[in-house]
Amino acid sequence: MNEGKTKEQDSGVELEFDLGDPPQKVWRAVTIPELRERWLPKEALADPDAITVTPGQKVRYKLRDDNPPFLESTVTFTITPNATGGTCLRIVHELTDARFDGMARAANSNSPPLMLAA
């Protein structure tokens, strides 16, 4: 596995990894609950079932924070074969909660500063 590439977006993070394992094995790791729970616990999921599935290629789950304000997000796993017989795994985690639009951004986000009442 390589160290991966990370790309930040306004509402999320995109990661990309080249893995030595074949796409079928990676697909099982992101879709079979017993395997998925090793790195994505069911407590983080808003629903244990995927919200969209393209078999063998793409799966999207809905997540919910376990602390207030309980924001919702999605995580999408896209699996494609790479040139070496392994897998290119692309992970996109996006904050999709409509309440996010009115919240303060991180200090280094280059967004206009906002103040929230304590």
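To be clear, the structure that these remarks concern was listed above.
In short, a report on the structure. Please read these numbers as outputs of a predicted model, since none were measured by experiment. The residue count restarts for each chain, going from 1 along the sequence in the order it is written. Reporting of local features is limited, given that this is a predicted model, to residues whose pLDDT is at least 70; pairs of side-chain atoms are given and counted only at 80 or more, and all residues count toward the totals for whole chains, interfaces and linings. Values reported for side chains reflect all heavy atoms of the structure, with hydrogen atoms and water molecules removed beforehand.

**Considerations on the nonpolar core**
Part 1 of the reasoning: For this analysis, a nonpolar core means a set of buried residues of the types Ala, Val, Leu, Ile, Met, Phe, Trp, Tyr and Cys, connected via side-chain atoms within 4.5 Å. Partly exposed residues are those whose accessible area sits between 20% and 50% of the maximum for their type, while under 20% is buried and over 50% is exposed, using a 1.4 Å probe and protein chains only. With 15 residues, the main nonpolar core has L40, Y61, V75, F77 and L89 as its most contacted residues.
Part 2 of the reasoning: Numbering of helices and strands starts at the N terminus; helices are DSSP runs of H or I of at least 4 residues and strands are runs of E of at least 2. Secondary structure elements with two or more residues in this core: β2 (12–19), α1 (23–31), β4 (58–64), β5 (72–81) and β6 (87–95).
Part 3 of the reasoning: In contact with F77, not counting residues within four places along its chain, are V30, W39, L40, Q57, K58, V59, Y61, L89, R90 and I91. Working rule for contacts: check all heavy atoms of both residues, and any pair within 4.5 Å makes them a contact.

**Observations concerning the pattern of salt bridges**
Part 1 of the reasoning: Salt bridge, as used here: a side-chain nitrogen of Lys or Arg that lies within 4 Å of a carboxyl oxygen of Asp or Glu. All told, the structure shown has four salt bridges when counted by the stated rule.
Part 2 of the reasoning: A salt bridge links K25 to D21, with the nearest nitrogen and oxygen atoms 3.7 Å apart.
Part 3 of the reasoning: With its nearest N and O atoms 2.6 Å apart, the salt bridge here joins E72 to R64.
Part 4 of the reasoning: The structure contains a network of salt bridges with shared partners spanning K62, R64 and E72.

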